[in-house]
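Observations on the model geometry
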Amino acid sequence: MNKFVKGLAAAGVAAAMSQGAIAACGEVTIAEMNWASAEFMANVDKIILEAGYGCSVELIPGATLTTFASMDTKGVPDVAPELWTQAVEVPLLAAIASGSLHSVNPKPIAGAGEGWVVPDYTMANHPELKTVLDIIERPDLFPYNEDPSKGAFVGCPAGWGCQQVNANLFRAFDMEAKGWVLVDPGSAAGLDGAMAKAVDRGDDYFGYYWSPTAMMGKFNMEMVDFGVPFVEMDHWTNCITQANCMEPQQSAWSASEINTIVTDSFINNNDPKAVAYFGKRVFPAAEMGAMLVYMGDNQAGGEDAAIEFLLNYESLWTQWVGVQAANLIKKSLN
Amino acid sequence: MAIFDEFPSLGRTELRDLKKGIDFAFKDFSRDNGEAIESFFDPLMFFMVWFEKLLINAPWPLMILIFAVLAWLGARSIPIVIGTIVSFLAIGWFGMWEDTMATVAIISVATFLCIGLGIPLGILMSRSNRLQAGVTPILDIMQTIPSFVYLIPVVMLLGIGKVPGLIAVCIYALPPIVRLTNLGIRLVDKEVLEAAESFGSSYRQKLFDVQIPLALPNIFAGVNQTIMMALAMVVIASMIGVKGLGVPVLRAVSNQYLALGLMNGLAIVALAVIFDRVSQAYGKRLQKHRQGGHGV
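For clarity, every value in this text was computed on a predicted model and none was experimentally measured. One numbering rule holds for all chains: residues counted from 1, following each sequence as written. Chains and ligands are labelled sequentially in the order written, the chains with letters from A and the ligands with numbers from 1. Local features in this predicted model are restricted to residues of pLDDT 70 or higher, and side-chain atom pairs are both shown and tallied only at a pLDDT of 80 or more, whereas totals for entire chains, interfaces and linings draw on every residue.

In this description a helix means any DSSP run of H or I spanning at least four residues, a strand means any run of E spanning at least two, and both kinds are numbered starting from the N terminus. A tally of helices and strands in chain B yields 13 helices and zero strands. Listing the helices and strands of chain B from first to last along the sequence gives α-α-α-α-α-α-α-α-α-α-α-α-α. Each residue gets a C-beta atom placed from its backbone, and two residues are in contact if those atoms lie within 7 Å. Taking the intrachain contacts of chain B between residues at least 6 apart in sequence as the baseline, contacts between residues at least 24 apart amount to 78%.

The structure is reproduced here in structure tokens:
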């Protein structure tokens, strides 16, 4: 009861102090994607928009394709803090061209990317394996438990945007003929579990993953160089990411594009300062990695992690918001 | 009174240390014993791999013939046999044959495993009130606990694939057969038992010649429910890497492929209806025969 009353009073004071800013910010819906870094970012955005700009924020759980489809067709949620845009490239470009969606930040997390990973000890024990081209010659190092004569490459869970890319690259590198099986881990939990189990036991493991994630940091996974250059963008978007790609060509994974995407109505109906915040909010790789390991070690949810971040990295996030908003946010944290 | 404003809970740190302690203990356990447990299940896994390959590689007309014969043996009903044939033809026609065979493979193995474990457990439970009191809550947990709560430890222990999938399916599908076996035996008329005793039946004769035969309709309802529950877990099992109809369903769900989801969902329903009708009809036939015999 006490806390509630205090909260109300605080809200009242905040409202009185920054009437102008608040009048412009209404209800905002933010997509909280179902992986750690996106949960964390969504919660940071929520606290900053609520405390700093007086918005009323609702988090909406989502996944890349479902959230994008909803934003594209219904305009809800307003903000996708961490949208991996390659999976939805064609419709996204169309939506941006038509003005219904906007990218307000082309790189919210520095140093992020997808690729094929192995544990660091695999690289150390087998110094001859320098690139993907070397690894795919050695399926014997990564035996598939259901058929030990084959090597297991753990791809993407069914339905993820990367599933198609992995399947096509698997064909492009002619891995089936080389004795590999493309394993579908079924879900994020299956993918993480497969990797955690292998690394915990010290087994060699070869599969798809992405950075920044607590998993990459915690298990010291290394992204392997593909040993071939990135094929041209046209082939990537029109073939490798598509289901009906007849002749996929060998390619490195494209540099990942993460965007913070907002709807047109968010830009038009909200405080321009809140919109500007999204443009400045860039998490450096090191800080993002540290927060993800914090979440993993402490089993912290996005909200806990956001509070921890705002308490410990003040010099970073205060650069993203104005002085007035920074003060309001600091006050709300106490 | 501060104590009423906020629930007296463990502090953040204590709670965190508790959770971490449990997690690390489990990790150590899986690191030490994981390989041994995995190799214990290896024969089962290779059997499942072999069985799945057998079903997928067998010529499809032969498989449909086998299903039709099984349906006839179970149900003795022409409409059910025709329905079975038409369903499988439709499944094949819409390109879901391999996934369906993979699903049939894991469902059959799961059902036999559950029957093999569940009926003896149910019989033991019907013998002892104390055992019943102990096992019932465990069955409640198995049926209600969200599957991912135990799937993650199972995956940490055994990796992804068929065996963890089978365990997931069985945890959910085992309770009905245990419950209904127990119930069926307990429902056998006391007077019938007294009659058997007065004729000098031994304990074993009473169980196998009187109680179990009279409980068969209930036991069969349990088998039927176990099959249905196992089919309901197909999609969950696919979330930890089991091949079958669940995989395209998952793909459809995350991509809004309406047609793909609907087709594979309906294939699961078709399997369920076939298994259900056949096993129910078989159960009913058993009941009729017994009813005639005892005039109950």
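What follows covers the overall build of chain A. A tally of helices and strands in chain A yields 17 helices and eleven strands. The globule rule used for comparison is 2.2 Å times the number of residues to the exponent 0.38, while the radius of gyration itself is calculated over C-alpha atoms. Whereas a compact globule of 334 residues would reach a radius of gyration of roughly 20 Å, chain A reaches 22 Å, a difference of no more than 12%. Dimensions along the principal axes, computed over C-alpha positions, put chain A at roughly 70 × 45 × 30 Å. Residues classed as buried in chain A amount to 45% of the 334 residues present. Nonlocal contacts in chain A, meaning residues at least 24 apart in sequence, comprise 76% of its contacts between residues at least 6 apart. Here a residue counts as buried when 20 or more other C-beta atoms sit within 10 Å of its C-beta, as exposed when there are 12 or fewer, and as partly exposed otherwise, the C-beta atoms being derived from the backbone.

What follows is about the interface of chain B and chain A. At the interface, 30 residues of chain B touch 27 residues of chain A. Ranked by residues supplied to the side of chain B that touches chain A, first place goes to helix α2 (residues 12-57) of chain B with nine residues.

With that out of the way, let us pick up the domain arrangement of chain A. Interfaces are often described in size by the accessible area the parts lose on coming together. Residue and element names in this part refer to chain A. Each domain of chain A was delimited in the assignment, giving domain 1 (2-109 + 257-333) and domain 2 (113-240). Start and end positions for the domains come from either an automated domain assignment or a database one. Taking only C-alpha atoms, the centre of domain 1 and the centre of domain 2 are 32 Å apart. Of the residues lining the interface, 17 residues belong to domain 1; the matching set on domain 2 comes to eight residues. Secondary-structure elements contributing two or more residues to the side of domain 1 that touches domain 2 are α3 (36-53), α4 (64-74) and α14 (285-298). Tallying contributions element by element places α14 first for the side of domain 1 that touches domain 2, with seven residues. Under the convention adopted here, Pro, Cys and the residues Ala, Val, Leu, Ile, Met, Phe, Trp and Tyr are nonpolar, Asp, Glu, Lys and Arg are charged, and Gly plus all remaining residues are polar. Per-class residue counts for the side of domain 1 that touches domain 2 are eleven nonpolar, five polar and one charged.

Bringing the nonpolar core into the picture now. Ranked by size, the top nonpolar core spans 164 residues in total, and within it Ile 106, Ala 110, Ala 168, Val 169, Ala 173 and Met 233 of chain B carry the most contacts. Considering each element in turn, this core owes the most residues, 14 residues, to helix α8 (residues 162-186) of chain B. Looking at which domains feed residues into this core, each of domain 1 (2-109 + 257-333) and domain 2 (113-240) of chain A supplies at least three. With near-sequence residues (within four places) excluded, Ala 173 of chain B lies in contact with Ala 110, Cys 114, Thr 226, Met 229, Ala 230 and Met 233 of chain B. We define the nonpolar core as any set of buried residues of the types Ala, Val, Leu, Ile, Met, Phe, Trp, Tyr and Cys, connected via C-beta atoms lying within 7 Å of each other.

Moving on, we come to α2 of chain B. For a helix, the expected span equals 1.5 Å multiplied by the residue count minus one. In this model, α2 of chain B (46 residues) spans only 56 Å end to end at C-alpha, well below the 68 Å of a helix rising 1.5 Å per residue. Within α2 of chain B, burial applies to Ser 30, Met 48 and Glu 52 of chain B. Looking at the buried side of α2 of chain B, the elements it contacts are α9 (188-201) of chain A together with α5 (97-127), α7 (147-158) and α8 of chain B.

What follows deals with α4 of chain A. Residue and element names in this part refer to chain A. The complete set of buried residues in α4 reads Thr 64, Thr 67, Phe 68 and Met 71. Projection of α4 onto a plane perpendicular to its axis shows the buried side chains occupying an angular sector of 95°, all on one side. Away from its buried face, by an angle of more than 90 degrees, α4 presents the exposed residues Thr 73 and Lys 74. Of the residues flanking the end of α4, it is Gly 75, one or two places downstream, whose phi is positive at about 75°. Summarising the geometry, the arc corresponds to the directions from the helix axis toward the C-beta atoms.

For Glu 35 of chain B, the position within the fold is in helix α2. Glu 35 of chain B sits 122 residues away from Leu 157 of chain B along the chain, and the two C-alpha atoms are 8.2 Å apart.

All names here are of chain A. By the secondary structure assignment, Asp 203 is in the loop between α9 and β9 (207-211). Assessed through the 16 C-beta atoms surrounding it within 10 Å, Asp 203 is described here as partly exposed. Along the backbone, Asp 203 and Pro 143 are 60 residues apart, and their C-alpha atoms lie at a distance of 9.8 Å.

So, about the packing of α7 of chain B against α8 of chain B. Residue and element names in this part refer to chain B. Axis geometry follows a simple rule: fit a line to the C-alpha atoms, using only the stretch in contact for helices, then measure angles between N-to-C directions, giving values from 0 to 180 degrees. For the pair α7 and α8, interaxial distance at closest approach is 10 Å and the crossing angle is 150°. For the element pair α7 / α8, the angle class is roughly antiparallel. Taken as a pair, α7 and α8 cross one another with a handedness that is right-handed. Contacts between α7 and α8 pair Ser 147, Tyr 150, Leu 151, Val 154, Val 155 and Leu 158 from the former with Val 163, Pro 164, Ile 167, Ala 168, Ile 171 and Tyr 172 from the latter. Across the contact of α7 with α8, the residue classes tally to eleven nonpolar, one polar and no charged. Each angle is binned into one of four classes, with values under 35 degrees roughly parallel, values over 145 roughly antiparallel, values of 65 to 115 roughly perpendicular, and all other values oblique. A clockwise turn of the near helix away from the far one marks a right-handed crossing, whereas an anticlockwise turn of less than a right angle marks a left-handed crossing.

This brings us to the pairing of strand β2 (residues 56-62) of chain A. Residues and elements named next belong to chain A. Here the rule is simple: two strands pair whenever DSSP picks up at least two bridges between them. As paired strands, strand β1 (residues 27-33) and β2 are joined by seven bridges and run parallel to one another. Of the residues in β2, the one forming a bridge with Met 33 is Gly 62. Crossover handedness is defined here as right-handed if the route from the first strand over the helix to the second strand goes clockwise, with the strands pointing away from the viewer. For the segment spanning β1, α3 and β2, crossover handedness is right-handed.

This paragraph deals with the confidence of the model for chain A. Residue and element names in this part refer to chain A. On average, residues of chain A score 86 in pLDDT, and 93% of them are at 70 or above. How sure the predictor is of each residue is captured by pLDDT, a score from 0 to 100. Looking across chain A, the model is least confident in helix α2 (residues 19-23), with a mean pLDDT of 43, and most confident in strand β8 (residues 180-183), with 93. The low-confidence segment residues 1-23 (pLDDT under 50) makes 14 contacts with residues lying over four places distant or belonging to another chain.

Before going further, it helps to examine the environment of Leu 292 of chain A. All names here are of chain A. On the secondary structure map, Leu 292 appears in helix α14. We classify Leu 292 as buried; it has 23 C-beta atoms within 10 Å. Along the chain, Leu 292 and Phe 40 lie 252 residues apart, while their C-alpha atoms are 8.3 Å from each other. Among all residues touching Leu 292, those that are not within four sequence positions of it are Ala 36, Ser 37, Pro 212, Thr 213, Ala 214 and Gly 217.

Attention shifts here to the packing of α5 of chain B against helix α10 (residues 203-232) of chain B. Residues and elements named next belong to chain B. Two numbers describe how α5 lies on α10: the axes approach to 10 Å, and their chain directions differ by 140°. Classified by the angle their axes make, α5 and α10 are oblique. The interaxial crossing formed by α5 with α10 has right-handed handedness. Contacts between α5 and α10 involve Ile 107, Ala 110, Thr 111, Cys 114, Ile 115, Gly 118 and Ile 119 on the former and, on the latter, Ile 219, Val 223, Thr 226, Ile 227, Ala 230 and Leu 231.

It is worth spelling out the confidence of the model for chain B at this point. Mean pLDDT over chain B works out to 88, with 97% of the residues at or above the 70 mark. The ipTM, which scores confidence in the relative placement of chains, is 0.76 for this predicted complex, and the corresponding pTM is 0.72.

All names here are of chain A. Residue Pro 77 follows Val 76 across a cis peptide bond; omega there is -5°. Secondary-structure assignment places Pro 77 in the loop between α4 and β3 (79-84). Here the bond from Ser 211 into Pro 212 is cis, since omega is 5°, no more than 30 degrees from zero. With a phi angle near 55°, Asp 174 is a residue other than glycine that sits in the positive phi range. Mapped onto the elements of the fold, Asp 174 is located in the loop between α8 (161-172) and β8. Given 11 C-beta atoms within a 10 Å radius, Asp 174 is considered exposed.

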